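A closer look at the structure
Each chain, letter by letter, is given below.
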Amino acid sequence: MTGVPLNIDWQQILLHLFNFTILFGALYILLYKPVKNFMEGREAHYADMDSKANQALADAESSKASYEEKEKAFDDEVRAEKTRLSKEIEAERERRLAAARGEAEKIISDARVEADREKNEIIESAQKEITGMVTDAMEKLTLEQTASDAFDQFLDAAEEADK
Amino acid sequence: MTKQERKKAIIFFSAVALVFMIGAILTGGSGGGEEESVQVVMRDAVMHDVNKISLFGLKDVNPGLIAGFIVSGIMILFALICRIFVIPRFKLVPGKFQMILEMVVGIFDGMAKTNSKHLNGFMGAYIFAAGSYIFTGTMFELLGVQVMTTAGHPITLPAPLADINGAIMMGCLSYLVIMSGGIAGNGIKGIGKTLKDFSLPLSLSFRLFGALISGALVTELVYYYKAMSFVVPVIVGVLFTLLHALIQAYVLTMLTSLFYGEVSEKTEKKPKVKKQRGKKRVTVVNQDPAA
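Here we take up the overall build of chain B. Tallying secondary structure elements over chain B gives nine helices and six strands in all. Looking at chain B residue by residue over its 291 residues, the buried ones come to 40%. When the accessible area of chain B is evaluated, it comes to approximately 16,700 Å², of which 69% is carbon and sulfur surface.

Right, here's the structure in full:
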């Protein structure tokens, strides 16, 4: 074309445009879009991983809080149970102690009664024994000595017995 | 590598370079061996009025258009290979190549999201394609692909956007994309907002064309003279090309996404100010409760 500065040719401009349009389309379809899709997919993948990790972390924190709460409740329960049991044990101990005291007093009282009874029996037996001894001695005196002597001896024996 | 091995390698490469240099001098003509003067070469690099290439016999076109087709073909083939063999094997923990692909996509996607808060999905895809095309197209000139002109002599294919038609296409298309963002975000008002920057297509087009053509001209100049064809092209040809490929890809994509973000941003309704006659008091009516 004459008269156009720098030999600008509109037909060649359109040919350049046609060439670039094809290039643009091809590059977009073959290179730009797949690579960008891949990059976005990877970003989404890591974002997903991140959100899952955050979710898991939140769940773990929640579980930890729940566990700590349960542990605290359990500790409180154990403490209350311990208190209750120790009170029960104390009461049982008091009850048993009282029972033991009662039994001991009964044993002591029975023992006393038994001891009194035995004492009385011993005294009674001793008296009987003394009486027997005196009788024996009298019989011996009667058989071995004269009547006076026997009488004196009887008196001596009586005196000794009184002592 | 030991010192001795290193020394041997340096001597070997110096010898190879020397052989190439001698060969270049011996096979050359009197001055530079070029069929055209430097003025013609540089004028043609800007105007594209001498060296044309036949497009399947249908039309004679600028070499930049052919370069554009080849670059697009290479990029589409690369994308196809990546789509078939690489992307299905992507892993959650990326390898080196996957990391590079993700980094490139991530850069443009991030740029679109940062500069344009609304409707940035399409913008990311557009600046990815535009940035990749500018970068790859600019790096393409380093390959030095030779084609035959209609005049019957070979030329090296330039960067596609060093052709004014390619640069205008990119600038105007970017402007249209910006305008589409304005329409999508603000309807008819969006067109108005975009048209306020009416110089934008010109500045986008000619900034791109100027940057790339200046690189091409410097490279042409360097390669034109035989004396400058040793060592200098390593810096001028490779490093400068790499640098302006990166810079131009960044500048165009950044500007496009910035303007796109600006025009696609939804405008809040300004409260109507009503002045009462004869009184200085100003009453505000219809105030948006959200504002």
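The next thing to look at is the environment of V38 of chain B. Residue and element names in this part refer to chain B. Secondary-structure assignment places V38 in helix 2 (residues 38-47). On the basis of relative accessibility, which here comes to 15%, the residue V38 falls in the buried class. Remark: the alpha-carbon pair of V38 and Y225, spanning 187 residues in sequence, is separated by 9.0 Å. Those residues in contact with V38 that lie beyond four places of it in its chain are L221, Y224 and Y225.

Across chain B, the average pLDDT comes to 83, with 89% of residues at or above 70. Contacts from residues 284-291 of chain B, a stretch scored under 50 in pLDDT, to residues over four places away or in other chains number six contacts.

Over its 33 residues, helix 9 (residues 232-264) of chain B extends 46 Å from the first C-alpha to the last, a length consistent with the 48 Å expected when each residue adds 1.5 Å. Helix geometry: helix 9 of chain B is bent most strongly at F240 of chain B, by close to 25 degrees.

Facing 30 residues of chain A, the contacting portion of chain B comprises 53 residues. Interface of chain A and chain B: buried area, both sides summed, is about 3,700 Å²; carbon and sulfur atoms make up 76% of it. Counting the contacts that link chain A with chain B gives three salt bridges. Here the side of chain A that touches chain B is built from residues that sort into 21 nonpolar, six polar and three charged.

What follows concerns the packing of aromatic side chains. This structure, assessed with the given rule, holds eleven aromatic pairs over all chains. With a centroid separation of 6.1 Å and an interplanar angle of 80 degrees, the aromatic rings of F20 of chain A and Y126 of chain B are classed as edge-to-face. Taken together, the positions of F20 of chain A in helix 1 (residues 10-144) and Y126 of chain B in helix 5 (residues 120-140) put the pair across two chains. Y126 of chain B carries the same exposure label as F20 of chain A, and that label is buried. Taken together through their ring pairs, the aromatic side chains of F20, F24, Y28 and Y32 of chain A together with F108, F122, Y126, F128 and Y133 of chain B make up a single cluster.

A few words on the nonpolar core. One finds F20, L27 and L31 of chain A together with Y126, Y133, M170 and L208 of chain B to be the most contacted residues of the largest nonpolar core, which totals 70 residues. Looking at this core, the elements with two or more residues in it are helix 1 of chain A together with strand 1 (53-55), helix 3 (63-86), helix 4 (96-115), helix 5, helix 6 (164-186), helix 8 (200-224) and helix 9 of chain B. Tallying contributions element by element places helix 1 of chain A first for this core, with eleven residues. Apart from residues lying up to four places away in sequence, L31 of chain A is in contact with A26 of chain A together with F78, A79, C82, I87, L101 and F128 of chain B.

All right, on to unusual backbone geometry then. All names here are of chain B. With a phi angle near 50 degrees, F56 is a residue other than glycine that sits in the positive phi range. With respect to the helices and strands, F56 occurs in the loop between strand 1 and strand 2 (59-61). Exposure remark for F56: the relative accessible area of 75% places this residue in the exposed category.

Time to look at the environment of G215 of chain B. By the element assignment, G215 of chain B lies in helix 8. Separated by 161 residues in the primary sequence, G215 of chain B and S54 of chain B place their C-alpha atoms 25 Å from one another.

The next subject is the pattern of salt bridges. Tallied over the entire structure, the rule returns 16 salt bridges over all chains. Salt-bridge contacts for R96 of chain A lead to E92 of chain A; the nearest nitrogen and oxygen are separated by 2.9 Å. Of this pair, R96 of chain A and E92 of chain A both sit in helix 1, four residues apart, roughly one helical turn. Taking relative accessible area as the criterion, E92 of chain A reaches 27% and is therefore assigned partly exposed. Among the ionic pairs, R93 of chain A bridges to E94 of chain A, the shortest N-O distance being 3.6 Å. Sharing partners across several salt bridges, the network here consists of K36 and E40 of chain A together with D109 and K113 of chain B.

Residue and element names in this part refer to chain A. Within the secondary structure, V134 sits in helix 1. Exposure remark for V134: the relative accessible area of 35% places this residue in the partly exposed category. Considered as a pair, V134 and A98 are 36 residues apart in the sequence and their alpha carbons are 53 Å apart.

Moving on, we get to the packing of helix 6 of chain B against helix 9 of chain B. Residue and element names in this part refer to chain B. It is at 7 Å that the axes of helix 6 and helix 9 come closest, and there the two elements cross at 25 degrees. One finds that helix 6 runs roughly parallel with respect to helix 9. Helix 6 and helix 9 meet at a crossing whose hand is right-handed. In contact with M170, S174, V177, I178, S180, G181, G182, G185 and N186 of helix 6, helix 9 contributes L252, T256, F259, Y260, V263 and S264. When its residues are assigned to classes, the contact of helix 6 with helix 9 shows seven nonpolar, eight polar and no charged.

Conventions and cut-offs
Residues numbered from 1 in each chain as written. Chains lettered and ligands numbered in written order. Predicted model: local features only at pLDDT ≥ 70, side-chain atom pairs only at ≥ 80, totals over all residues. Heavy atoms only, no water. Helix = DSSP H or I, 4+ residues; strand = E, 2+ residues; numbered from the N terminus. Buried < 20%, exposed > 50% of the residue type's maximum accessible area, 1.4 Å probe, protein only. Areas by Shrake-Rupley, 256 points an atom, 1.4 Å probe, with all protein chains shown as cover. Contact = heavy atoms within 4.5 Å. pLDDT = per-residue confidence, 0-100. Expected span 1.5 Å × (residues − 1). Bend = angle between axes of the 7 residues up to and from the residue. Buried area = accessible area lost by both parts, 1.4 Å probe. Salt bridge = Lys/Arg side-chain N within 4 Å of Asp/Glu carboxyl O. Nonpolar A, V, L, I, M, F, W, Y, C, P; charged D, E, K, R; others polar. Phe/Tyr/Trp six-rings, centres within 6.5 Å; stacked < 30°, edge-to-face > 60°. Core = buried A, V, L, I, M, F, W, Y, C linked by side-chain atoms within 4.5 Å. Axes fitted to C-alpha atoms, helices over the stretch in contact; angles between N-to-C directions. Parallel < 35°, antiparallel > 145°, perpendicular 65-115°, else oblique. Left-handed = near helix turned anticlockwise from the far one by under 90°.

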